Amino acid sequence: MNYYIADCHFGDAEVIAFSHRPFRSVEEMDEAMIARWNRTVKVSDDVYIVGDLMYRTDDPEKYLRRLNGRLHLILGNHDRLLESMPEARAHFCEMTQYATIQDHGHRIVLFHYPMMEWEGYYYGTWHIYGHIHNHPSLTQERVKALPKALNCGADVVGFRPCTFDELVAINKRDGARSKCPQGAVR
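Let us look at the structure shown here. No experiment lies behind these values; they were computed from the predicted model shown.

Quick look at the overall build of the protein now. Looking only at helices and strands, the protein features eight helices and eight strands. In terms of C-alpha radius of gyration, the protein reaches 15 Å, essentially the compact-globule figure of 16 Å for 186 residues. Dimensions of the protein along its principal axes, counting C-alpha atoms only, are 40 × 35 × 25 Å. Looking at the protein residue by residue over its 186 residues, the buried ones come to 55%. Within the protein, residue pairs in contact and separated by at least 24 positions form 56% of the contacts whose partners lie at least 6 positions apart. On the protein, roughly 8,600 Å² of surface is accessible, and the fraction owed to carbon and sulfur atoms is 52%. The average position of the 22 basic charges and that of the 25 acidic charges among the side chains of the protein differ by 6 Å.

Let us now look at the pattern of salt bridges. Taken as a whole and assessed by the stated rule, the structure comprises seven salt bridges. For Glu-28, the salt bridge identified is with Arg-24, shortest N-O distance 3.6 Å. Residue Glu-31 pairs with Arg-66 through a salt bridge whose shortest N-O separation is 2.7 Å. With Glu-31 in helix α2 (residues 26-40) and Arg-66 in the loop between α3 (61-64) and β3 (70-74), this pair connects stretches of sequence that are 35 residues apart. Of the residues examined, Arg-66 reaches a relative accessible area of 35% and is grouped as partly exposed.

With phi around 60°, Asp-7 is a residue other than glycine that occupies positive phi space. Along the chain, Asp-7 turns up in the loop between β1 (2-5) and α1 (14-18). For His-9, which is not a glycine, the phi torsion comes out positive at approximately 55°. Relative to the elements of secondary structure, His-9 occurs in the loop between β1 and α1.

Attention now moves to the nonpolar core. Judged by nonpolar contacts, the single largest core of 50 residues is most densely connected at Tyr-4, Trp-37, Leu-53, Leu-110 and Ile-128. In terms of residue count, α2 provides more of this core than any other element does, six residues in total. Ranked by size, the runner-up nonpolar core spans eight residues in total, among them Tyr-129, Val-143, Leu-146 and Ala-149.

Attention shifts here to the sheet that holds strand β4 (residues 92-96). Strands sit in the order β1-β2-β3-β4 across an open sheet of four strands; the sheet is parallel. Every other strand in the sheet has two partners, leaving β1 and β4 as the edge strands with one partner each. With direction set aside, neighbouring strand axes in the sheet form an average angle of 15°. The pairing of β1 with strand β2 (residues 46-49) spans four bridges and is parallel.

Parameters at a glance
- Residues numbered from 1 in each chain as written.
- Predicted model: local features only at pLDDT ≥ 70, side-chain atom pairs only at ≥ 80, totals over all residues.
- Heavy atoms only, no water.
- Helix = DSSP H or I, 4+ residues; strand = E, 2+ residues; numbered from the N terminus.
- Rg over C-alpha atoms; globule rule 2.2 N^0.38 Å.
- Buried < 20%, exposed > 50% of the residue type's maximum accessible area, 1.4 Å probe, protein only.
- Contact = heavy atoms within 4.5 Å.
- Areas by Shrake-Rupley, 256 points an atom, 1.4 Å probe, with all protein chains shown as cover.
- Lys, Arg positive; Asp, Glu negative; His and termini not counted.
- Charge placed at Lys NZ, Arg CZ, Asp CG, Glu CD.
- Salt bridge = Lys/Arg side-chain N within 4 Å of Asp/Glu carboxyl O.
- Core = buried A, V, L, I, M, F, W, Y, C linked by side-chain atoms within 4.5 Å.
- Pairing = 2+ DSSP bridges.
- Axes fitted to C-alpha atoms, helices over the stretch in contact; angles between N-to-C directions.

That is the geometry; function is a separate question.
What follows is the structure, given as structure tokens:
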């Protein structure tokens, strides 16, 4: 099974206020997201992390060794440190800026930043992105108007990786700006 998530920001205390996350501390956030991840993802599943997995950590393995699945990292603006650490790289099947994959007959372009057009845009290809979290913005409004663009940011998808079909439903229902209800994270 393929799963998608972006903008986890493990270890980032500032993202709690920045994205209005329902956690009292970075430790609470990290533990809740790891638990939700591992309840969702089996060891044999592929997880496409569409950028910003963690934030300035000296010990990325304290997170990476605990996450289920075969990890594929589409690099985001906060992933440069991971890219330069051989011990972290060893946890990933791949690290790349941009990827095109197939998921149950759907062609998908993965890129951390939302794009207005992407490779195969006029031929039914989907785009899964992150970066803009759940913040109301002009970018958010523009990209949510595109019928085949899906925000997989943790703040949008309930702080756990989601399948393609779940992403389609979440983005259609919530316009890619939903927030996980406080009680749903624990």
